[in-house]
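In case you want the letters, here they are:
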Amino acid sequence: MGLRISRALQAQLLAEAAATPEREVCGLLFGSNPDSVTMIRSCENIAENPVDSFEIDPSSLIAVHKAERAGGPSLIGCYHSHPNGVSKPSLRDVEAGWGMNFLWLIVAGSQVWAWRSTSLGTFDRVEIDATD
């Protein structure tokens, strides 16, 4: 079984990336388990060069972690777009080192691709099981 994410959430990710095709968009993924995205939250990309990299605003991350500790939704991953159309994690993505078993969605072209970090600097491709 692959990653479960609704077609509506995928459409939201694609629309967000299409709205600013010249720069990477980014945000956070939430779910009740690591194999099911139930909510996304767009975040400001504060990277020095958002044309080819992303950095989620730290204040967004702090707020999410505080909410999670208080019983809020569980953070299971992040997403970002690759305006260059490459569906695989970039060297910058690999160097980000968000930890093991963290889900990454990459919007490239007109598709959403799923990856899971398996150890520092390595990713496995995850099939997406679209739901209604």
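You'll find the structure just up there.
Residues numbered from 1 in each chain as written. Predicted model: local features only at pLDDT ≥ 70, side-chain atom pairs only at ≥ 80, totals over all residues. Heavy atoms only, no water.

Caption draft 1: The arrangement of the overall build of the protein chain in detail. Scanning the protein chain for helices and strands turns up three helices and nine strands. When the helices and strands of the protein chain are listed from N to C terminus, the series reads β-α-β-β-β-α-β-α-β-β-β-β. Relative to the compact-globule value of 14 Å for 132 residues, the protein chain shows a C-alpha radius of gyration of 14 Å, a close match. Counting only C-alpha atoms, the protein chain reaches 35 × 30 × 30 Å along its principal axes. Looking at the protein chain residue by residue over its 132 residues, the buried ones come to 43%. Across the protein chain, contacts joining residues at least 24 apart in sequence account for 59% of those joining residues at least 6 apart. Just so you have it, the protein chain exposes about 6,900 Å², and 53% of that area is on carbon and sulfur atoms. (Helix = DSSP H or I, 4+ residues; strand = E, 2+ residues; numbered from the N terminus. Rg over C-alpha atoms; globule rule 2.2 N^0.38 Å. Buried < 20%, exposed > 50% of the residue type's maximum accessible area, 1.4 Å probe, protein only. Contact = heavy atoms within 4.5 Å. Areas by Shrake-Rupley, 256 points an atom, 1.4 Å probe, with all protein chains shown as cover.)

Caption draft 2: How the structure looks around the pairing of strand 8 (residues 122-126). Relative to strand 8, strand 7 (residues 111-119) runs antiparallel, the two sharing five bridges. Bridge pairing in strand 8 links W115 to R125. Hairpin connection from strand 7 to strand 8: two residues lie between these consecutive antiparallel strands, with G121 at a positive phi of about 90°. (Pairing = 2+ DSSP bridges.)

Caption draft 3: Structural detail: the sheet that holds strand 4 (residues 39-43). Spatial ordering of the open sheet is given by 4-2-5-6-7-8, a layout of six strands whose pairing is mixed. Every interior strand has two partners, whereas the edge strands, strand 4 and strand 8, have only one. Averaged over all pairs of adjacent strands, the angle between their axes in this sheet comes to 30°, without regard to strand direction. Lying over the sheet, helix 1 (residues 7-19) contacts strand 2 (26-30), strand 4, strand 5 (75-81), strand 6 (103-108) and strand 7, oriented at roughly 15° with respect to strand 4. (Axes fitted to C-alpha atoms, helices over the stretch in contact; angles between N-to-C directions.)

Caption draft 4: The sheet that holds strand 3 (residues 36-37), seen in detail. One open sheet holds the three strands; their spatial order is 3-1-9, and the pairing between them is parallel. Each edge of the open sheet is held by one strand with a lone partner, namely strand 3 and strand 9 (128-131). Each of strand 1 (3-6), strand 3 and strand 9 touches helix 1; the most contacted strand, strand 1, lies at about 75° to it.

Caption draft 5: Quick look at the pairing of strand 1. The pairing of strand 1 with strand 9 spans four bridges and is classified as parallel. Bridging across to strand 9, R4 finds its partner in D129. Note that strand 1 and strand 3 share two bridges and pair parallel. Note that in strand 3 the partner of I5 across the bridge is V37.

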